[in-house]
Amino acid sequence: RLEASGSHRSRPSSVLCVMHLEYKDIRNTVGNIPVEWYKDFPHIGYNLDGKKIYKPIRNKDELDDFLDKMENPEYWRTVHDKQTGSDIVLSDDQVELVNRLQRGQFGDVNFNEYEPMVEFFSSDVMIHPITNRPADKRSFIPSLTEKEKVSKLVHAIKMGWLKPRRVEDDGRGRYYDLWASEDSSILARHRMHLPAPKIPLPGHHESYNPPPEYLFTDEERALWEQQDPGDRKLPFVPRKYSSLRQVPAFSHFIHERFERCLDLYLCPRQRKMRVNVNPEDLIPQLPKPKDLQPFPTTQSLVYRGHSGLVRSISVSPSGQWLASGSDDGSVRFWEVCSSRCMKMVQVGGAVKSVAWNPNPSVCLLAVALDSVVLILSPSLADKQVILSSERLLSAQQEGEEPAEGNGSVVWSEAEGEELNQGVRLKIQHPKAVHQVVWHAKGDYLASVMPDNTSHLQVYIHQLSRRRSQNPFSRNKGLVQCVSFHPIRPYFFVATQRSIRIYNLVKQEMTKKLQANSKWISSMAVHPGGDHVICGSYDCKLSWFDLDLSTKPYKMLRHHKKAVRGVAYHRLYPLFASASDDGSVIVCHGTVYNDLLQNPLIVPVKVLRGHVMTHDLGVLDVTFHPTQPWVFSSGADATIRLFT
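Residues numbered from 1 in each chain as written. Predicted model: local features only at pLDDT ≥ 70, side-chain atom pairs only at ≥ 80, totals over all residues. Heavy atoms only, no water.

(A) Quick look at a negative patch on the surface. The grouping of D61, E62, D64 and D65 at the surface amounts to a negative patch. For E62, the location among the structural elements is in helix α2 (residues 62-71). Residue E62 is classed as exposed on the basis of its relative accessible area of 72%. (Patch = residues over 30% accessible without salt bridge, like charges linked within 9 Å, V, L, I, M, F, W, Y side chains within 5 Å. Areas by Shrake-Rupley, 256 points an atom, 1.4 Å probe, with all protein chains shown as cover. Salt bridge = Lys/Arg side-chain N within 4 Å of Asp/Glu carboxyl O. Lys, Arg positive; Asp, Glu negative; His and termini not counted. Charge placed at Lys NZ, Arg CZ, Asp CG, Glu CD. Helix = DSSP H or I, 4+ residues; strand = E, 2+ residues; numbered from the N terminus. Buried < 20%, exposed > 50% of the residue type's maximum accessible area, 1.4 Å probe, protein only.)

(B) Region of interest: the nonpolar core. V373, I375, V436, W438 and L463 are the most contacted members of the largest nonpolar core, which has 21 residues in total. Within the residue set of this core, elements represented by two or more residues are β11 (365-369), β12 (372-376), α9 (383-394), β14 (423-428) and β15 (435-438). Every residue in contact with V436, bar those within four places of it in the chain, is listed here: S353, A355, A366, A368, V373, A446 and S447. Among the nonpolar cores identified, the runner-up in size contains 20 residues, and A323, V331, V351 and L369 belong to it. (Core = buried A, V, L, I, M, F, W, Y, C linked by side-chain atoms within 4.5 Å. Contact = heavy atoms within 4.5 Å.)

(C) View of the side chain of D580. Tracing the sequence through the fold places D580 in the loop between β28 (574-579) and β29 (583-590). Engagement of the side chain of D580 in a polar contact is seen with the backbone nitrogen of G617, the distance being 3.3 Å. Once residues lying within four places of it in the same chain are set aside, the contact partners of D580 are K561, A562, R564, M612, D615, L616, G617, V618 and L619. (Polar contact = N/O pair within 3.5 Å; in protein donor to acceptor, adjacent residues only side chain to side chain.)

(D) Representation of the pairing of strand β21 (residues 498-503) within the structure. Most of β21 sits inside the fold, with six of its six residues counted as buried. What you see with β21 is no split at all: S498, R500 and Y502 on one side and I499, I501 and N503 on the other are buried throughout. Sheet topology places strand β20 (residues 490-494) next to β21; five bridges connect them, and they run antiparallel. Bridging across to β21, A494 finds its partner in I499. If you look at the hairpin formed by β20 and β21, you'll find three residues sitting between the two strands. (Pairing = 2+ DSSP bridges.)

(E) Structural detail: the pattern of salt bridges. This model, assessed by the stated rule, comprises 15 salt bridges. Here K426 makes a salt bridge to E418, at a shortest N to O gap of 3.6 Å. Since its relative accessible area comes to 25%, K426 is described here as partly exposed. Three or more residues joined by partner-sharing salt bridges are found here, namely E74, R77 and D92.

Shape descriptors only; they carry no functional weight alone.
Here is the structure:
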């Protein structure tokens, strides 16, 4: 249509103009140029004769436009054509076309955009090719052009015209000044530029005639010479000269300059960005201790009677009796509620560890002293329990020797006065025993003999069959303490710096926990079996989540001195730690069944009462099996109950 009108030079700039051309011949013959060029002129273009085409006279103002909008029913479909300067009323077909284009549809109503695709090439692989044209001869004959190029290059290399590129190997070392090209103006504009720190100005110590208080005395000079060069406050000894002419050259001048260059070259500089943070926002939001009750708060009873250090205590499974072992060579049995000493057994040596059998159907106590482990039957229970205890001690299969052991361990039965006091069995070890601990079933017990020179550090004994075995062919490190898993067949072995977990069924190590402390002193396993706490002599208490990591989930540094003992409560979410600072700290430790939620650890109470003796405080701590009570034994020869 555009060609028929004879106006092929002009190109419409919108859809509306195209639709307008169907009905009228376009009068504008200026070509495809911006209409804004003519906005200051009275004409809008030129006709074929070269005469000006004047703009139609528009004397409408905004008021006339508003009245036209209110009165003219065709106003909504009227558009102004800038190229011709006239108003055009759109037809119904044109309005429909505009609406379709605005909705993103095709302009042609009859166009089907979902027509089936015509497959020009089928997906079936044909036997014969589409064309049977033979391949070109040049496709299988070497190119003559390339052959000519290669022969030219070979000739040039032979004649010496072409030489391969040589890689310059500069074997000599290059030394250059790091700061020679340092432009201060450029670096100053750099946002993260850190200038080198300046050397501190000399003080009175560097003076050739310092005041007398800056000169070293003989004691200070001797102390300065004994110190390590890195620990000295001054790298030189201040001296006094009568005049500047007598001052000699500084002997360490070159060394000092060299150290300065090393500091500038090797030491990284870091910009510390200070953030304005409210200190209270950094403190974690912990629940109030009164919301976490019950937990022990006050000292209720003191058990007095021992004359030496009380190194170990243990509570019976029923919670009625308390056993304690002391350096005075006695084992005492106390009634918990009345603090009355019901029985005392003299064992003839300093007691290192006592452990009550956790099986409630028997009443037995294991005592470690020197190189012997004694099995005591205190007879502090009803007849049925005492009979089952005797039956366990006398249970022995036919054909076995009663004193069978493994290597250097010898089993023997007590006789005479020891038998009258309640001692039933004696297990002789090759070295001094420091700890005994029972399995949850009550038939097995483990003993620890710390010794770096031997692999015989841990023994596991079976009481019913009177057998002993060393589970490890060699021990990596000095064993401090051991513990059985409360549910699964796992065995925990704590050395000085780590805790190893062994699977007793598969006979292999399953995990190694890094305690991040210098010397582990004690260990306790959570009743659920998935968490472990260990105390150390460097005042730390580490909480391990076995499902989370081999490193501590939480490190608690509440004690001022060495942590001697740790313990979990069997029923309540409580754990306690005892230290040489004379205090017992009770913490609330909730373990959730949801594995995505971390344990909640809140210190709730500091319990004091023990008197420091020979720089030793609280030596052992244990919980009551059913009540939220905690027992502690100290170097002041007392045992205290906090409820």
